[in-house]
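Architecture at a glance
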Amino acid sequence: MAALETARCLVVKIGSALLVDQTSGALRQDWLKGLAQDVADARARGSDVILVSSGSIALGRRVLGLGTGPLPLEQAQAAAAVGQIRLARAYEEVLAPHGQTTAQVLVTLEDSTDRRRYLNTRATLGTLLGLGVTPIVNENDTIATDEIRYGDNDRLAAQVAVMAGADQLVLLSDVDGFYSANPAIDPEARRFDVIDEITPEIEAMAGDAVSGISKGGMKTKLLAARTATDAGCAMAITEGSRLRPLQGLIDGAPVTWFLPRTDPLAARKHWIAAMKPRGEITVDPGAHAALSRGKSLLPAGITDVSGQFGRGDPVAILGPDGQSLGKGLTRYTAAEARAIRGKRSAEIADVLGYPGRAVLVHRDDMVL
């Protein structure tokens, strides 16, 4: 059973209906302050925290006087541009008193389907967390058209959890868990405490959203749960309107946990192992020894590069004797790797003409 107190990396999804008052369109400041305290407490327990927050369009449309109801795409994007500034500032203002630095990260569906963008986003999130920053992630509604949209922040939050290697994801919702039927319609509906497998029977129980602002219904939450648990991340659905929603979860608030069958790193390694290499990288004895100790692969340890591959592509890693050591996702193209092979990290910028990453294949992107 997952427990919030044990989270190594926690992703929390906040829907518009929780963040924005449905009548006035104003930000719910008291609720946001309570969430900030929850985030600070989680950080004090040693958990990294990422917030995936809706609300930019809801806030922006109020400023622009766009009223209620569906908006044309261009008006929704304009509202997002206005509201995103206010949303980021609101998080900054409530988290700063707790000593928390915030960062705004805007993504689109392309950022997770394109391997190069995926790795860029993953690296950025990892660096921010390593620096003690709390990233605030939202879909980039100002530029995203229908064909490059997630469409809802449930699935976005799940993908962010995968990219960040999170072990727990909490969807703060307008319902307190997953039910056998829509509890607003069926008084006999029962809530599941734990779901360890998303079966066809579970899928058949999913209903649609009833919230006036949120887009994500239970079907999208199941899609999010499948994405998260397949990547080794436990996912919770819980009612989020209380002033301390995460503390409420710790104190025993109703919740449904979807449990993974593995951990995030093992799931990622399995995914990499199944890929077909697009090139080969041969390492020297020193690099071979370093890899065997769990280190990342640096350009200095490379003796040969073959094949044509792009950044983020899978490559085979060969030992000094030409024997296969494993696979990994490269952070350089084949041409770049050839140019910097045998070079120390400090020399990379001089060779390429621009700053590069110190690591060619990170240990988390490698299977030996």
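That block above? That's the structure.
Procedures and definitions
Residues numbered from 1 in each chain as written. Predicted model: local features only at pLDDT ≥ 70, side-chain atom pairs only at ≥ 80, totals over all residues. Heavy atoms only, no water. Helix = DSSP H or I, 4+ residues; strand = E, 2+ residues; numbered from the N terminus. Expected span 1.5 Å × (residues − 1). Buried < 20%, exposed > 50% of the residue type's maximum accessible area, 1.4 Å probe, protein only. Axes fitted to C-alpha atoms, helices over the stretch in contact; angles between N-to-C directions. Parallel < 35°, antiparallel > 145°, perpendicular 65-115°, else oblique. Contact = heavy atoms within 4.5 Å. Nonpolar A, V, L, I, M, F, W, Y, C, P; charged D, E, K, R; others polar. Core = buried A, V, L, I, M, F, W, Y, C linked by side-chain atoms within 4.5 Å. Polar contact = N/O pair within 3.5 Å; in protein donor to acceptor, adjacent residues only side chain to side chain.

1. Some points on helix H7 (residues 153-164)
Its 12 residues place the ends of H7 16 Å apart at the C-alpha level, agreeing with the 16 Å of an ideal helix rising 1.5 Å per residue. The set of residues buried in H7 consists of Asn-153, Asp-154, Leu-156, Ala-157, Ala-158, Gln-159, Val-160, Ala-161, Val-162, Met-163 and Ala-164. After H7 finishes, the residue Gly-165 shows a positive phi value of roughly 70°.

2. Digging into the packing of helix H3 (residues 56-64) against helix H4 (residues 73-95)
The geometry of H3 relative to H4 is characterised by a closest axis approach of 6 Å and an angle of 100° between their N-to-C directions. Here H3 lies roughly perpendicular to H4, going by the angle between them. Facing Ser-56, Ile-57, Leu-59, Gly-60, Arg-61, Val-63 and Leu-64 of H3, the residues of H4 in contact are Ala-76, Ala-78, Ala-79, Ala-80, Val-82, Gly-83, Gln-84, Arg-86 and Leu-87. Considered class by class, the residues forming the contact of H3 with H4 number 10 nonpolar, 4 polar and 2 charged.

3. A short note on the nonpolar core
One recurring pattern in soluble globular proteins: nonpolar side chains tend to sit buried together. Of all hydrophobic cores here, the largest spans 45 residues; its most connected members are Ile-50, Val-137, Val-160, Leu-169, Phe-178, Met-235 and Phe-258. A total of 8 residues in this core trace back to one element, the largest contributor, which is H7. Apart from residues no more than four positions distant in its own chain, Phe-178 is found in contact with Arg-190, Arg-191, Phe-192, Ile-195, Ile-202, Met-205, Ala-206, Met-218, Leu-222, Thr-256 and Phe-258. Core analysis: the second largest hydrophobic core is formed by 34 residues, Leu-18, Tyr-91, Leu-95 and Trp-257 among them.

4. With respect to the side chain of Asn-140
Note that Asn-140 resides in the loop between strand E4 (133-139) and H7. Under the relative-accessibility criterion, Asn-140 is labelled buried at 14%. Beyond its immediate stretch of four places on either side in the chain, Asn-140 contacts Leu-106, Val-107 and Thr-108.

5. Remarks on the side chain of Thr-134
Following the sequence through the fold, Thr-134 ends up in strand E4. Look at Thr-134 and you get buried, because its relative accessible area is 0%. At a separation of 3.5 Å, a polar atom in the side chain of Thr-134 contacts the side chain of Arg-43. Residues within four places of Thr-134 in sequence aside, it is in contact with Val-39, Arg-43, Val-49, Leu-51, Leu-95, Gln-100, Thr-101, Thr-102 and Ala-103.

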